[in-house]
Amino acid sequence: MSKYFIFAVIILGIALVINLVARRSINYNGVMDAGMTITSGAFVDRGQIPAKYTCDGEGVNPPLTISGVPVGTKSLSLIVDDPDAPGGTWTHWVLWNIKPDTANISKNSVPVGAVVGINSWPKNEYGGPCPPAGSHRYFFKLYALDTELTIPITGNAGELMNTMAGHILTQTELVGNYSRKK
C-alpha cells in the first residue's frame, strides 16, 4: 500500500470521529448516537448567539430545529443553562412534555402542549443570555424520554433532571456563546 492511501484512510477516520464528537448525542447506554440533533438557524454550534436573543436585544428564544428523535420517544425535554455563571449554573429555560414529532421551536414561542418550568430568575419563561462579565457558554440540552412527565409548573431544572432519571432514551446539545458589548 502506498503511504498516500494510508494517509487518506487516517484522515477519513479522523474526520469520522470529529463528526461523531461534534454531534455530542449520547444514547441511554452512554454510547455516542449520531441520530438526534438540535440546531438553530440563528447561530452555529459553538458560535455566537445574536444579541437579539439576549438581554441586550429582544430577549426571546432563538429558533430551534429538532431532528432524529428515536422511535419510541413519548416526550422531549429542553434545558438551557449557563455553567459559567459566577454563582453556579444559571438556568435560562426549562421545557418538558414537548411532543416527540416537534421539528421546530420558532423564535419567541413554546411548542403547543409543552410545559414551561421555573428558570433561575425565577419565572416560567425563556430568559436570554446576560453574562455579567466575559464570554459565557449557553447549553441547549435536549432529551428524548420514554414517558410524559407529571411535574407541576413550579418545577425547575433540578426537579426535571430528577424526574427524567431512568427515562432518557438519548440526549444531545447545542452550545452558543455570548458576551455583552461594553
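Since we're looking at a predicted model, the values are computed, not measured. (Residues numbered from 1 in each chain as written. Predicted model: local features only at pLDDT ≥ 70, side-chain atom pairs only at ≥ 80, totals over all residues. Heavy atoms only, no water.)

Asker: I would appreciate a short explanation of the overall build of the protein in the present structure.
Answerer: The secondary structure content of the protein amounts to two helices and 10 strands. The N-to-C order of helical and strand elements in the protein reads α-β-β-β-β-β-β-β-β-β-α-β. Expressed as a percentage of its 182 residues, the buried residues of the protein come to 40%. Sequence separation of at least 24 residues holds for 68% of the intrachain contacts in the protein that already meet a minimum separation of 6. Total accessible area on the protein stands at roughly 9,500 Å², and carbon and sulfur atoms take up 60% of it. (Helix = DSSP H or I, 4+ residues; strand = E, 2+ residues; numbered from the N terminus. Buried < 20%, exposed > 50% of the residue type's maximum accessible area, 1.4 Å probe, protein only. Contact = heavy atoms within 4.5 Å. Areas by Shrake-Rupley, 256 points an atom, 1.4 Å probe, with all protein chains shown as cover.)

Asker: What should I look at first to understand the packing of aromatic side chains in this one?
Answerer: Within a pair of aromatic rings, the relevant descriptors are the distance that separates the centres and the angle that separates the planes. Tallied over the entire structure, the rule returns three aromatic pairs. On the basis of an interplanar angle of 50° and a centroid distance of 5.8 Å, the ring pair of F43 and F140 is categorised as tilted. Here F43, found in the loop between β2 (37-39) and β3 (47-48), pairs with F140, found in strand β9 (residues 135-145); they are 97 residues apart in sequence, far enough to count as distant. For the pair shown, F43 and F140 are each scored as buried. Plain terms: the ring middles of W90 and W121 are 5.4 Å apart, the flat faces sit at 85° to each other, and that makes the pair edge-to-face. Residue W90 is located in strand β6 (residues 90-98), and its partner W121 is located in the loop between β8 (115-116) and β9; the two are separated by 31 residues in the primary sequence. The exposure class of W90 is partly exposed, given its relative accessible area of 33%. (Phe/Tyr/Trp six-rings, centres within 6.5 Å; stacked < 30°, edge-to-face > 60°.)

Asker: Explain the nonpolar core to me, please; I cannot follow it from the model alone.
Answerer: For soluble globular proteins, the rule of thumb is that nonpolar side chains tend to be buried together. I38, L64, L76, L78, W93, F140 and L142 are the most contacted members of the largest nonpolar core, which has 25 residues in total. For this core, the leading source of residues is β9, giving four residues. With sequence-adjacent residues up to four places away left out, L76 is seen in contact with M36, I66, V69, W96, N97, I98, K99, P100, L142, Y143 and A144. Ranked by size, the runner-up nonpolar core spans 11 residues in total, among them V94, Y143, I151 and M164. (Core = buried A, V, L, I, M, F, W, Y, C linked by side-chain atoms within 4.5 Å.)

Asker: What's the story with the sheet that holds β2 in this structure? I'm lost.
Answerer: Whenever strands of a sheet pair, they do so through backbone hydrogen bonds, lying parallel or antiparallel. The strand order across the open sheet formed by three strands is β2-β4-β7, and the pairing between neighbours is antiparallel. The strands lining the two open edges of the sheet, one partner per strand, are β2 and β7 (104-105). With two bridges connecting them, strand β4 (residues 64-67) and β7 associate as antiparallel partners. If you follow T65 over to β7, its bridge partner there is N104. (Pairing = 2+ DSSP bridges.)

Asker: What is the right way to read helix α2 (residues 157-164) from this model?
Answerer: What sets the pattern is the α-helix's 3.6 residues per turn: residues three or four places apart point alike. Burial in α2 covers these residues: A157, L160 and M164. Viewed end-on, α2 has its buried residues packed into an arc of 60°, placing them on one side of the element. Buried positions along α2 lie against β5 (75-82), β6, β9 and β10 (168-179). Where α2 begins, one side-chain oxygen reaches toward the backbone nitrogen of G158, 3.0 Å away; that side chain belongs to N156. (Arc of directions from axis to C-beta. Polar contact = N/O pair within 3.5 Å; in protein donor to acceptor, adjacent residues only side chain to side chain.)

Asker: Can you walk me through the pairing of β4 in this structure?
Answerer: Both faces of the sheet carry side chains from a regular strand, because those side chains alternate between them. Burial along β4 is one-sided: L64 and I66 are buried, and none of T65 and S67, which face the opposite way, are. Judged from the three bridges that link them, β2 and β4 form a sheet pairing that is antiparallel. The partner of T39 across the bridge, within β4, is T65.

Asker: Would you mind showing me how to read the state of the cysteines here?
Answerer: One way to say it: the disulfide is the covalent bond shared by the sulfur atoms of two cysteines. This model, assessed by the stated rule, comprises one disulfide. Put simply, C55 and C130 are joined by a disulfide, and their sulfur atoms are 2.2 Å apart. Because the torsion about its S-S bond is 80°, the bridge between C55 and C130 counts as right-handed. Placement of the pair is C55 in the loop between β3 and β4 and C130 in the loop between β8 and β9, with a sequence separation of 75 residues. (Disulfide = S-S within 2.5 Å.)

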